[in-house]
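Listed below are the residues making up each chain.
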Amino acid sequence: MGKYVIAGNWKMNKTPAEAVELIEAIKPLVADATCDVVVGVPFVDLPAALEAVKGSKIGVAAQNCHWEKSGAYTGEISAEMLKAMEVGYVILGHSERRTYFGDTDVTVQKRMRAALDAGLTVILCVGEYLEQREQGITGEIVAMQTKVALGGVSEEELARVIIAYEPVWAIGTGRTATAEQANEVCAQIRDVIAGLYNDKAAKAVTIQYGGSMNAANAAELLAQSDVDGGLIGGASLKPADFATIVAAAK
Ligand code: PEP
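Fair warning: this is a prediction, and the values are worked out from it, not measured in the lab.

Participant: Please explain the site of the ligand as it appears in this structure.
Facilitator: Residues in close proximity to the ligand total 14 residues, the closest being Lys11, Glu166, Gly172, Ser212 and Gly233. Taking Glu166, its side chain carries an N or O atom lying 2.7 Å from an oxygen atom of the ligand. A distance of 2.6 Å separates an oxygen atom of the ligand from a polar backbone atom of Gly172. Surface burial for the ligand is 95%, taken as the share of its 290 Å² of free accessible area covered by protein chains. Split by residue class, the shell around the ligand holds four nonpolar, eight polar and two charged.

Next comes the structure, spelled out in structure tokens:
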């Protein structure tokens, strides 16, 4: 449906020197990629990563941004700062940010506004907790997260939003959603986009699956009709595994 995008989320891993080493290892392995490839690195790795990806097709993502341009927000990084560095992407609303750092649908919406205003492409993460899946409210949860985050986002701006469906129970647990579960929810998100915008926008939007995607299960997940890529945590730190996932995204 949408353009295939495989993005690595390195989380709080790798020093700048290690980031360069990892990118240098990934670069030749993804040189022939037919999808977009992105690495989401810690803030302090951004300068080194941006330098290391030069001459390759790999894009660089930050893992969060603040909604204000500048000000008294100790420890925060603004979208404007990312723009000034020529960072292309930012991951927003990751479940680890929501769970450990108090991010809410409303703050994700504010970050989204700032990121889009700064010209960044956003990877918006949505997904349900296990209890919510067991309660049968996965569709409502991801619809709510998607709708709030996209509040005020125009159809033109939507072209710079990638949505990552990441069931929280599958992140970093080794417990992957089945291909059917992943596809079902990605299709529900696409329906939400059709309702908010129109069918054309829904077909064009990239919807990734994330949650213990790895070299062994990527092909099946990525073959699903509504899965347009992946947000990859653990496996993105292993060059050969990441490259296998990229190669599976055709
Ligand atoms: C993630 O961090 O977004 C993620 C999907 O992690 P993992 O692949 O390790 O489950």
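Participant: I tried to follow unusual backbone geometry on my own but got confused; where do I start?
Facilitator: Backbone phi values are negative for most residues with the exception of glycine, while trans is the configuration of most peptide bonds. For Lys14, which is not glycine, the phi torsion reads 85° and is therefore positive. In this structure, Ser212 takes a positive phi of about 55° despite not being glycine. Secondary-structure assignment places Ser212 in the loop between β7 (206–210) and α11 (218–222). On the accessibility criterion, Ser212 (17% relative accessible area) is buried.

Participant: Mind showing me how you'd approach the pattern of salt bridges here?
Facilitator: All told, the structure shown has eleven salt bridges when counted by the stated rule. Taking the shortest distance from any N to any O, the salt bridge between Lys11 and Glu96 comes out at 2.7 Å. Highlighted residues: Lys11 in the loop between β1 (5–9) and α1 (16–29) and Glu96 in helix α4 (residues 95–100), separated in sequence by 85 residues. Salt bridges sharing common partners tie together Arg113, Asp117 and Glu157.

Participant: Teacher, can you tell me more about the packing of aromatic side chains here?
Facilitator: The description of two aromatic rings rests on the distance between their centres and on the angle between their planes. Per the counting criterion, the structure on display carries two aromatic pairs. Arranged with centres 6.3 Å apart and planes meeting at 90°, the rings of Tyr100 and Phe101 form a pair that is edge-to-face.

Participant: Looking at this structure, I do not really get the state of the cysteines. What am I missing?
Facilitator: Cysteine pairs can be linked by a disulfide, which is a covalent bond between their two sulfur atoms. Counted according to the given criterion, the structure contains zero disulfides. The structure places no disulfide on Cys65, whose sulfur is separated from the nearest cysteine sulfur, that of Cys125, by 12 Å. Between Cys186, a cysteine without a disulfide, and Cys125, which holds the nearest cysteine sulfur, the sulfur-to-sulfur distance is 12 Å.

Participant: Would you take a moment to explain the packing of helix α7 (residues 138–149) against helix α9 (residues 179–196) for this structure?
Facilitator: In helix packing, the relevant descriptors are the interaxial angle and the interaxial distance, both defined with respect to the helix axes. Put simply, α7 and α9 touch, their axes get as near as 10 Å, and they point 45° apart. Taken together, α7 and α9 sit at an angle that is classed as oblique. Crossing handedness for the pair α7 and α9: right-handed. Along the contact surface, α7 presents Thr138, Gly139, Val142, Ala143, Thr146 and Lys147, while α9 presents Val185, Gln188, Ile189, Val192, Ile193 and Leu196. By residue class, the composition of the contact of α7 with α9 is seven nonpolar, four polar and one charged.

Participant: For this particular structure, what's the right way to read the environment of Leu92?
Facilitator: Along the chain, the position of Leu92 falls in strand β4 (residues 89–92). Sequence spacing of Leu92 and Gln109 is 17 residues, and the spatial spacing of their C-alpha atoms is 9.1 Å. Residue contacts for Leu92: discarding those within four places in its chain leaves Asn64, Cys65, Arg111, Met112, Ala115, Val122, Ile123, Leu124 and Cys125.

Participant: I would appreciate a short explanation of the side chain of Asn217 in the present structure.
Facilitator: Structurally, the position occupied by Asn217 is in the loop between β7 and α11. With a relative accessible area of 16%, Asn217 lands in the buried category. Discounting residues that sit within four places of it in the chain, Asn217 has contacts with Thr176 and Ser212.

Participant: So what exactly am I meant to see when it comes to the environment of Thr176 here?
Facilitator: You can see Thr176 is positioned in the loop between β6 (161–165) and α9. For Thr176, a relative accessible area of 22% translates into the label partly exposed. Spatially, the C-alpha atoms of Thr176 and Leu50 are 31 Å apart, while their sequence positions differ by 126 residues. Beyond its immediate chain neighbours, meaning those up to four positions away, Thr176 contacts Trp169, Ala170, Tyr209, Gly211, Ser212, Asn217 and Leu221.

Participant: I tried to follow α7 on my own but got confused; where do I start?
Facilitator: For an α-helix, 3.6 residues make a turn, and residues three or four places apart therefore share a direction. For α7, spanning twelve residues, the distance from its first C-alpha to its last is 17 Å, which sits close to the expected 16 Å at 1.5 Å a residue. Along α7, the residues that are buried comprise Thr138, Ile141, Val142, Ala143, Gln145, Thr146 and Ala149. Summarising the contacts, the buried residues of α7 are in contact with α4, α5 (105–117), β5 (121–126), α6 (130–135), β6 and α9.

Participant: What am I meant to see in the pairing of β5 here?
Facilitator: Along any regular strand, the residues point their side chains to alternate faces of the sheet. The element β5 is extensively covered by neighbouring structure, given that six of its six residues are classed as buried. Along β5, one buried face is formed by Thr121, Ile123 and Cys125 and the opposite face, lined by Val122, Leu124 and Val126, is buried too. As paired strands, β4 and β5 are joined by four bridges and run parallel to one another. If you follow Ile91 over to β5, its bridge partner there is Ile123. Summarising the sheet, β5 and β6 pair through five bridges and their orientation is parallel. For Leu124, the partnering residue across the bridge sits in β6 and is Ile163.

Rules used in this analysis
- Residues numbered from 1 in each chain as written.
- Predicted model: local features only at pLDDT ≥ 70, side-chain atom pairs only at ≥ 80, totals over all residues.
- Heavy atoms only, no water.
- Near = heavy atom within 4 Å.
- Polar contact = N/O pair within 3.5 Å; in protein donor to acceptor, adjacent residues only side chain to side chain.
- Areas by Shrake-Rupley, 256 points an atom, 1.4 Å probe, with all protein chains shown as cover.
- Nonpolar A, V, L, I, M, F, W, Y, C, P; charged D, E, K, R; others polar.
- Helix = DSSP H or I, 4+ residues; strand = E, 2+ residues; numbered from the N terminus.
- Buried < 20%, exposed > 50% of the residue type's maximum accessible area, 1.4 Å probe, protein only.
- Salt bridge = Lys/Arg side-chain N within 4 Å of Asp/Glu carboxyl O.
- Phe/Tyr/Trp six-rings, centres within 6.5 Å; stacked < 30°, edge-to-face > 60°.
- Disulfide = S-S within 2.5 Å.
- Axes fitted to C-alpha atoms, helices over the stretch in contact; angles between N-to-C directions.
- Parallel < 35°, antiparallel > 145°, perpendicular 65-115°, else oblique.
- Left-handed = near helix turned anticlockwise from the far one by under 90°.
- Contact = heavy atoms within 4.5 Å.
- Expected span 1.5 Å × (residues − 1).
- Pairing = 2+ DSSP bridges.

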